[in-house]
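Geometric and topological summary
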There are 2 protein chains.
Amino acid sequence: MKRKVTLKQIAKELDVSVSTVSKALKNSTEISQDTREKVQAFAKLYNYRPNNIAISLKNRQSKNIGVIIPEIVHHFFTQVISGIENVANSNGYNVIVTLSNESFEREVVNMETLANGSIDGFIMSLSKETQEKGDYHHLREVVNQGMPLVMFDRIAEEIYCDKVIIDDAQAAYNAVNHLISTGCKKIAIITTEDHVSVGKLRTLGYRNALQDARIPFNENLVVKVDGEAACEKAVRHLLKYQVVDGIFAVNELFAIIAMREVVRKDLKIPEDVSVIGFTDGILSKYSNPPLSTVVQHGYEIGMMAGQMLIDKLEDREPEDHYRTEVIKTSLELRATTK
Amino acid sequence: MKRKVTLKQIAKELDVSVSTVSKALKNSTEISQDTREKVQAFAKLYNYRPNNIAISLKNRQSKNIGVIIPEIVHHFFTQVISGIENVANSNGYNVIVTLSNESFEREVVNMETLANGSIDGFIMSLSKETQEKGDYHHLREVVNQGMPLVMFDRIAEEIYCDKVIIDDAQAAYNAVNHLISTGCKKIAIITTEDHVSVGKLRTLGYRNALQDARIPFNENLVVKVDGEAACEKAVRHLLKYQVVDGIFAVNELFAIIAMREVVRKDLKIPEDVSVIGFTDGILSKYSNPPLSTVVQHGYEIGMMAGQMLIDKLEDREPEDHYRTEVIKTSLELRATTK
DNA sequence: AACAGAACCGAAAACGTTTTCGTGTTAAAA
DNA sequence: TTTTAACACGAAAACGTTTTCGGTTCTGTT
């Protein structure tokens, strides 16, 4: 197990100074052609690679981007990561991913351990718990230290930083509107509790669409749940006591579960009930029938977030000026709508 | 944007030396109670956090683990990452994830950029392209440098390092055997091209199961495909010209696609055709009907890989001794089998 | 009063780079 | 032959830590 060769060792072997070696490897004209070749040949032979850590310390930058997400086992987040990875790598940055597992505590710890030199900037989406608590001191601390931060999807309005979001309300509006335009009159929404920012916004879009179509809002058609089991139960209850001809779900899992209950009641999709989900994941694509859905373009969100962060890091953007980019969603109509 | 406060600055402010500050913060008895309190109070006030990079340089270790996977948008890999994250974090390590995107080139580049101080050890699964080429020089280089490497799932036999795999052949054997025991006689397998190591092994298990049950092997029931479109086409062709009462697919996507074709031919699942997939992903769980599948326990694989690496890093394992751990698979029987 | 030992603190080296500045040598110009 | 400038290289500082070693000062013991 031979340790990695360093400048010092090369210098010693070739009987020159460390500075000379460093310069020679960078092809500095300060060094004679002769020595340059000698050094480079030697370096190549011994497979010299500069130590990133040392360079980081010297340059006071790590060329790393820290990403904190609530859960990785989510198609949307993995898409975002892919997008970030893409622009990061093509700009010479690495990506460090850590998970908060929807826990405030872990989110704080992860931020703190990363924020001490390991990374140059953050990209993150808040954990559920953080959104419930509304405690953003760790974010404030980071931005106060002058570390660029880009938030996406689950953001905190009151933090001054760059943000990438989707037009949640508008997207929901469009989805529900499509249901209406295909003849649905009794449209239910399956959403999360209000503390999740995106759930709230999507519910708003739902109401607006109804209102604009002069369809009376019916409290009984709004089901708020926070998990798979709860969702199943609630939908079953809904279908038992209400007549429904359209369902809009704020994520794809809720949509799939709802579909299951619908067919269980021997209702036909989309003839009797239309369904639209949110987030174009793998489930939507391969469900039976394939689910019509609002697609969030996670990859684009990731690219945008990555680009915004890098722009800040490379001083292409003034550091005291923050943007909020809205990535357009689209409707992918498949077989669960008429 | 106030820069982070350093030991030097604290020392200057309090008119003591850097060494004193360092020791005081570590509660060294070498320093008087008085000074300790003073320093610690000051540090707390100014929110001092040691610079990780500097510590890394000093200690010649980064407390980072590098993970390279082919694709993140895969339930199996995300599970593995979660497992790695878990043991890594509870041992004080961070995880740096990079993607090869199934490309040899990117795999090599990622390894090289990480291997220079940024991380203390690798956990990886080979890209398709790397397996096709059979070029493992980058792996050799890394292990020659004395950097611990743990491979999982898609491994290279000939590299000496720790490995975590599943009993691919055995798992396939069990799955096919279950089909046989429930009365299936004409069992097809949908698999990948042979260069993907796991595909090959699973095909082997399929053959063995048939053989042990004295069911003649039929070349026409083996379909090798390498993508979604190809899969769909091949299965359609299969169902058109062959009588099939059981399907074993080497991943869940192939299974789902096969199911789609089966119902399209108005065959009932599982009455007419039983189906078993591989990898217990989200698709299997929520498909209609829910797919019986071989579950790979990705989370456990990740934990095991992480633990093995950390054991090496903390010198709990001799560095010249390599293990290959086999994680048991299990059959999750849902609604696509009798 | 002299000395041992404890208590407290600082200087300096080290980790592996990059970069500025200075210095000695050589070749060209006067 | 002397002056100048180009050329080639090295010393040293810096990034922010940790740790060893040594040096004061003070306390307590003979």
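Whatever comes next refers back to the structure up there.
Computed from a prediction, not measured in an experiment: that's the story for all the values here.

1. Description of the interface of chain B and chain A
The interface is formed by 50 residues belonging to chain B together with 50 residues belonging to chain A. Summed over both partners, the interface of chain B with chain A buries about 4700 Å², with 54% contributed by carbon and sulfur atoms. There are four salt bridges connecting chain B and chain A. The closest approach of N and O atoms between E112 of chain B and R49 of chain A, which form a salt bridge, is 3.7 Å. Along the contact surface separating chain B from chain A lie 13 residue pairs in polar contact (both at pLDDT 80 or more). Listed by contribution, the elements that provide at least two residues to the side of chain B that touches chain A are α4 (52-59), α5 (75-90), β2 (94-99), α6 (104-114), α8 (137-144), α12 (252-264) and α13 (282-286) of chain B. When its residues are assigned to classes, the side of chain B that touches chain A shows 19 nonpolar, 18 polar and 13 charged.

2. Some remarks on helix α3 (residues 33-45) of chain B
Residue and element names in this part refer to chain B. With 13 residues, α3 ought to run about 18 Å at 1.5 Å a step, and its terminal C-alpha atoms sit 18 Å apart, in line with that. Listed in full, the buried residues belonging to α3 are T35, R36, V39, F42 and A43. Considered in projection along α3, the buried side chains sweep an arc of 140° and stay on one side of the axis. In this structure, α3 carries D34, K44 and L45 as exposed residues pointing more than 90 degrees from its buried face. The inward-facing, buried residues of α3 abut α1 (7-14) and α2 (18-25). Positive phi appears at N47, one or two residues downstream of α3, with a value of about 60°.

3. Observations regarding the side chain of S125 of chain B
All names here are of chain B. Among the structural elements, S125 can be located in the loop between β3 (121-124) and α7 (128-133). Taking relative accessible area as the criterion, S125 reaches 0% and is therefore assigned buried. Only 3.2 Å separates the side chain of S125 from the backbone oxygen of F152, close enough to count as a polar contact. A distance of 3.3 Å separates a polar side-chain atom of S125 from the backbone nitrogen of R154.

4. Brief notes about the relation of the copies chain B and chain A
In the superposition of chain B on chain A (RMSD 0.1 Å, axial shift 0.0 Å), the rotation amounts to 180°. Here the two chains are linked by the operation of a two-fold rotation axis. No C-alpha of chain B lies nearer the rotation axis than that of I96 of chain B, which sits 2.3 Å from it.

5. Comments concerning unusual backbone geometry
At the junction of I269 of chain A and P270 of chain A, the peptide bond is cis and its omega measures out at 0° in the coordinates. Following the sequence through the fold, P270 of chain A ends up in the loop between α12 (252-264) and β9 (274-278). Following N288 of chain B, the chain continues to P289 of chain B via a peptide bond in cis, the omega torsion being -5°. If you trace the backbone, P289 of chain B turns up in the loop between α13 and β10 (292-295). Phi at R214 of chain B is positive, roughly 55°, even though this residue is not glycine. Considering the arrangement of structural elements, one finds R214 of chain B in the loop between α10 (197-212) and β7 (222-224).

Criteria and thresholds
Residues numbered from 1 in each chain as written. Chains lettered and ligands numbered in written order. Predicted model: local features only at pLDDT ≥ 70, side-chain atom pairs only at ≥ 80, totals over all residues. Heavy atoms only, no water. Contact = heavy atoms within 4.5 Å. Buried area = accessible area lost by both parts, 1.4 Å probe. Salt bridge = Lys/Arg side-chain N within 4 Å of Asp/Glu carboxyl O. Polar contact = N/O pair within 3.5 Å; in protein donor to acceptor, adjacent residues only side chain to side chain. Helix = DSSP H or I, 4+ residues; strand = E, 2+ residues; numbered from the N terminus. Nonpolar A, V, L, I, M, F, W, Y, C, P; charged D, E, K, R; others polar. Expected span 1.5 Å × (residues − 1). Buried < 20%, exposed > 50% of the residue type's maximum accessible area, 1.4 Å probe, protein only. Arc of directions from axis to C-beta. Least-squares fit on C-alpha atoms with pLDDT ≥ 70 in both.

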